[in-house]
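Fold and geometry: a report
The chain contents come next:
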Amino acid sequence: MLGVFSMLTVGYLSSFTPATIKDGGRDIAVRTLQTTVDGALRDAGMELRPEDVVEPPLDTPLTRDQTISIRRARLVRLTIDGKEPRLIRTQRTNARELLSDIGVGLGLFDALRINEDFSDKIPEQPRFVAADTPLASDGLTAEIDVRRAIPLKVEQLGTTPIDVNTTASTVGEALLQAGHVVYLADRIDPAPGTLVQAGMKITIQRAKPVTVWVDGRAVRTRTHSGTVADLLAELNIILLENDYTKPDLNAIVAPYTEVRVVRVARELQVRQEPIAFETRWEASADIEIDTEALGQEGEPGVREQRDLVIYEDGLEVRRERVADFTARAVKDKIYNFGTKIVVRTLDTPSGPVQYWRKIRVRATSYSASTAGVSRSKAWYGIARCGQTMHRGIVAVDPSVIPLGTNVYVAGYGTGFACDTGSAILGKRIDLGYNDLDLELWNRWVDAYILTPVPAAPRYRLE
């Protein structure tokens, strides 16, 4: 019995026909007693739609190890000019062919977009599952959007109007689609946000591109201003009191005009410099002769110069001297020298003498033979005053000790100033001797100038 049963089982199983169903990316193995492709698909529970394509055809006899391919129709959603969309299943891979199949024609300027891209190709794989499709497992392959072109005119002031066919929804989009770049300052009529209508006329009044150089930067903009003054007012650029523009404010603004705002600043620069004081000597009858005293301290003065400096954009362009005066007067330094003469008495070995001036001098001595004059000269041994050289004649600098003055020198006695010498300058005195009694001197001594007082004495000695 077991053997008979086994034989019956093997016979039954051998009556099934094996086949493979390829459905998209799935391979489904089936064993069926059906004799056609349609029967095998029904046994496998495969649900078909009219638009799906099966290879080989459904009425094809089923053979052993048969491969059955199912090419599912793509599900697309078609929208025309924003109206109610419709769902379509198709085997087409080209949207234009699909539209032709359903009797929808495309004009030359009409726009066709698939999944928001300007393309004709319908994708093979679904984008997402549509909630309104008959089967929840169906995926929406493509969104096809058809927008009919609308005729309108575009006129740019100063040019001839042109005809434009556009699929844009607004005026701004239509201009951009037609290759018209619109700037913020351009005047568009109707406004860029206006919805496009068939036969509409769009007018463009272009703003002029200009450049304004101000405060170290370039402002590039577009404007409808007619003059430089209007342009600056539009840009809220304020000219201060001395500022100016190139070109001037009344100049006409043309396309690509460049305006330079020149900032003018004025600065008063003050410079002071000292004025050196001088030192002066003034006579004073209250001070004894050969006595000095500071009468006034010196103070330098101040000279002030004021320049008006003009700057343009920070650079000096002009300088003008507006004032040059003494801000503080000079105060000279003053020394007082005495002119008061006091006659005093000096006791000497020869008796008292009266003198009116005492001078510290360097004393030397000479005689006729040591005076440096050749014996062959006619003036050998003759003093300047004409007297023959002897003891008691002294040589002096007349600017210090006037000629004809009697001078007393301790250790020498009284001398008469009536000779000079090339080396006897300043506070020097050369004491005269006879050749036989010459004494050599070379020391500092006090020389007393004896009365009478000269009528016009030299009060100040260097």
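Scroll up to find the structure this text is about.
Owing to the predicted nature of the structure, the values given are computational and were not obtained by experimental measurement.

Definitions and limits used
Residues numbered from 1 in each chain as written. Predicted model: local features only at pLDDT ≥ 70, side-chain atom pairs only at ≥ 80, totals over all residues. Heavy atoms only, no water. Patch = residues over 30% accessible without salt bridge, like charges linked within 9 Å, V, L, I, M, F, W, Y side chains within 5 Å. Areas by Shrake-Rupley, 256 points an atom, 1.4 Å probe, with all protein chains shown as cover. Salt bridge = Lys/Arg side-chain N within 4 Å of Asp/Glu carboxyl O. Helix = DSSP H or I, 4+ residues; strand = E, 2+ residues; numbered from the N terminus. Buried < 20%, exposed > 50% of the residue type's maximum accessible area, 1.4 Å probe, protein only. Pairing = 2+ DSSP bridges. Core = buried A, V, L, I, M, F, W, Y, C linked by side-chain atoms within 4.5 Å. Contact = heavy atoms within 4.5 Å. Disulfide = S-S within 2.5 Å.

Another aspect to go through is a nonpolar patch on the surface. On the surface, L268, V270 and V322 cluster together to form a nonpolar patch covering roughly 260 Å² of accessible area. On the secondary structure map, V270 appears in strand β18 (residues 264-275). According to the relative accessible area criterion, V270 is partly exposed, its value standing at 47%.

Time to look at the pairing of strand β5 (residues 74-80). Burial runs high along β5: 6 of the 7 residues are buried. Inspection of the sheet shows β5 paired to strand β6 (residues 86-90) by 5 bridges, in the antiparallel sense. In the strand pairing of β6, R77 is matched with L87. Adjacent in sequence and paired antiparallel, β5 and β6 are bridged by 5 residues, among which D81 carries a positive phi angle near 55 degrees. Relative to strand β9 (residues 139-147), β5 runs parallel, the two sharing 6 bridges.

Our focus in this paragraph is the pattern of salt bridges. Within the structure shown, the criterion is met by 28 salt bridges. Two residues, R344 and E288, come together in a salt bridge whose shortest N-O distance is 2.4 Å. Of this pair, R344 sits in strand β24 (residues 344-348) while E288 sits in strand β19 (residues 279-288); the two residues are 56 residues apart in sequence, bridging distant segments of the chain. Note on E288: relative accessible area 27%, which makes it partly exposed.

The biggest cluster of nonpolar side chains holds 21 residues, and the ones touching the most others in it are I401, V409, I429, L431 and W441. Elements with a minimum of two residues in this core: β25 (351-366), β26 (393-396), β27 (406-409), β29 (428-432) and β30 (442-450). Not counting residues up to four positions away in its chain, the partners in contact with W441 are A363, T364, S365, V409, A410, G411, Y412, L431 and Y433. Core analysis: the second largest hydrophobic core is formed by 13 residues, L98, L99, V104 and I144 among them.

What follows deals with the state of the cysteines. Within the structure shown, the criterion is met by 1 disulfide. What pairs with C385 in a disulfide is C418, and their sulfur atoms sit 2.4 Å apart. Here the residue C385 occupies a position in the loop between β25 and β26, and C418 occupies one in strand β28 (residues 413-419), the gap between them amounting to 33 residues. Taking relative accessible area as the criterion, C385 reaches 37% and is therefore assigned partly exposed.

Moving on: the environment of F109. Here F109 lies in the loop between α3 (95-101) and β7 (111-114). Looking at F109, the relative accessible area reads 46%, which means it is partly exposed. Spatially, the C-alpha atoms of F109 and R357 are 131 Å apart, while their sequence positions differ by 248 residues. Leave out the neighbours within four places in its chain, and F109 touches A149, N165 and T167.

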